Amino acid sequence: MPKLPRLTATEAEKLLLDVGFIQMRSKGSHRIYFREEVRVVIPFHSGKILHPKIVKQVLQAIDISENEATAEEVIPETDE
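In this report, the structure presented in the accompanying data block is examined. (Residues numbered from 1 in each chain as written. Predicted model: local features only at pLDDT ≥ 70, side-chain atom pairs only at ≥ 80, totals over all residues. Heavy atoms only, no water.)

**What about the overall build of the protein chain?**
If you tally the helices and strands in the protein chain, you get 2 helices and 3 strands. In sequence order, the secondary structure elements of the protein chain are arranged as α-β-β-β-α. Counting over 80 residues, the protein chain shows a buried share of 26%. Across the protein chain, contacts joining residues at least 24 apart in sequence account for 41% of those joining residues at least 6 apart. (Helix = DSSP H or I, 4+ residues; strand = E, 2+ residues; numbered from the N terminus. Buried < 20%, exposed > 50% of the residue type's maximum accessible area, 1.4 Å probe, protein only. Contact = heavy atoms within 4.5 Å.)

**So, the side chain of Arg35**
Inspection of the secondary structure puts Arg35 in strand β2 (residues 30-35). In this structure, Arg35 is buried with no salt-bridge partner, the nearest side chain bearing the opposite charge being Glu36 at 4.1 Å. Among all residues touching Arg35, those that are not within four sequence positions of it are Val19, Gly20, Phe21 and Ser65. (Lys, Arg positive; Asp, Glu negative; His and termini not counted. Salt bridge = Lys/Arg side-chain N within 4 Å of Asp/Glu carboxyl O.)

**Topic: the packing of aromatic side chains**
Going through the model one piece at a time under the given rule, you end up with 0 aromatic pairs. Between Arg31 and the ring centre of Phe44, over which it is positioned, the NZ or CZ distance is 3.9 Å. (Phe/Tyr/Trp six-rings, centres within 6.5 Å; stacked < 30°, edge-to-face > 60°. Lys NZ or Arg CZ within 6 Å of the ring centre and 35° of its normal.)

**Concerning the sheet that holds β2**
The sheet built from 3 strands is open, its strands ordered β1-β2-β3 with antiparallel pairing. The two strands at the open ends of the sheet, each matched to only one other strand, are β1 (22-27) and β3 (38-43). In this sheet, neighbouring strand axes are inclined to one another by 25° on average, regardless of whether the strands run parallel or antiparallel. Sheet topology places β2 next to β3; 6 bridges connect them, and they run antiparallel. (Pairing = 2+ DSSP bridges. Axes fitted to C-alpha atoms, helices over the stretch in contact; angles between N-to-C directions.)

Structure, rendered in C-alpha cells:
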C-alpha cells in the first residue's frame, strides 16, 4: 500500500471544498465539514502537518463522496 501524502490543514480543507464539502461550524481550532452523511473534522494548528489518521479520514471522505456522485451519474432516475 502506498504511503499517505503529508498534508497541512489548509491543503486538506482545499481538497474537501473542491469535492463539495461545506464548513458547517468551527469549535476552537477545529473545523467541521459536512456533505450528505459524511462529516470530517480537521484541526487547524499553525501550518503543522496533519496526523496520518486525519489524512486517511479526509481521503476516505473524498473517495466516498466521489463514488456516490459517479453512481448517480450512471444510474439515472426514471419518472414513472
